[in-house]
Amino acid sequence: MKVKKNDTVLVLSGKDAGKTAKVLVAIPKANKVVVDGVNVQYKHKKARSAQDVSSIEKQSGPIDASNVLVVCPVCNKAVRVKYDFVEGKKVRVCRKCNALLDSTKEAKEVAKTSKKKAKKTAEEKPAEKKASKSKKTAKSEE
Ligand SMILES: [Zn+2]
């Protein structure tokens, strides 16, 4: 299933066609998704005890995952998704602008690696200075 929880999707068919909203629940087994405010169903809740109040609750209902398109956060278009492998990991890619749709994990990983590199360069520089100083002191001793 190409739709995941917290994706923003465009609804293609049904009474809520044209809406864009966030995926609240993904149900891969049934190939369905629950989208916020889409396929709203009314649940009549009867009071079971004297303290309870009878009410009618709105619930977003599941719709078929094939009836939604993921909205790319980069180009802001409803796009079909293709898969690609980045550093051995399967990621979803926008078919139009090739942006990674699972960018949160990727961004974190990139940030981690760049931080590591920054630390390494920071460590190397003072070490060089120390080495040059020790050479100077050695010369002055002579
Ligand atoms: Zn895109």
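Residues numbered from 1 in each chain as written. Predicted model: local features only at pLDDT ≥ 70, side-chain atom pairs only at ≥ 80, totals over all residues.

Asker: Would you mind showing me how to read the pairing of strand 1 (residues 8-11) here?
Answerer: In regular strands, side chains alternate between the two faces of the sheet. Because side chains alternate across strand 1, one face comprises the buried residues Val-9 and Val-11, and the other comprises Thr-8 and Leu-10, none of which is buried. Taken together, the three bridges between strand 1 and strand 2 (residues 20-27) define a ladder with antiparallel strand orientation. In the strand pairing of strand 2, Leu-10 is matched with Thr-20. (Buried ≥ 20, exposed ≤ 12 C-beta atoms within 10 Å, placed from the backbone. Helix = DSSP H or I, 4+ residues; strand = E, 2+ residues; numbered from the N terminus. Pairing = 2+ DSSP bridges.)

Asker: Would you mind showing me how to read the environment of Cys-97 here?
Answerer: Relative to the helices and strands, Cys-97 is located in the loop between strand 10 (89-94) and helix 1 (103-141). A count of 12 C-beta atoms within 10 Å places Cys-97 in the exposed class. It is 9.5 Å that separates the C-alpha atoms of Cys-97 and Val-79, two residues lying 18 residues apart in sequence. Among residues more than four places away in sequence, those in contact with Cys-97 are Cys-72, Val-74 and Cys-75. (Contact = placed C-beta atoms within 7 Å.)

Asker: What is the right way to look at the nonpolar core in this model?
Answerer: Across soluble globular proteins, nonpolar side chains have a tendency to be buried as a group. Of all hydrophobic cores here, the largest spans 14 residues; its most connected members are Val-3, Val-9, Val-33, Val-35, Val-68 and Val-70. Sorting the residues of this core by element identifies strand 1, strand 3 (32-35) and strand 7 (68-71) as the ones contributing at least two each. Not counting residues up to four positions away in its chain, the partners in contact with Val-35 are Val-9, Val-11, Ala-21, Val-23, Leu-24, Ser-60, Ile-63 and Val-68. (Core = buried A, V, L, I, M, F, W, Y, C linked by C-beta atoms within 7 Å.)

Asker: Before we go on, may I ask you to explain the pairing of strand 5 (residues 55-60) in this structure?
Answerer: Counting buried positions along strand 5 yields zero of six residues, so the element is predominantly exposed. Across six bridges, strand 4 (residues 40-45) lies against strand 5 in antiparallel orientation. Residue His-44 lies in a different strand from strand 5, and its bridge partner there is Ile-56.

Asker: Would you explain the sheet that holds strand 3 in this entry?
Answerer: The pairing of strands in a sheet comes from backbone hydrogen bonds and takes either a parallel or an antiparallel form. Read across the open sheet, the six strands follow the order 6-3-2-1-7-8; overall the sheet is antiparallel. In this open sheet, the two edge strands, each paired with only one partner strand, are strand 6 (62-64) and strand 8 (78-79). Where strand 1 meets strand 7, three bridges bridge the pair, whose relative direction is antiparallel. Residue pairing in the sheet places Val-9 in a bridge with Val-70 of strand 7.

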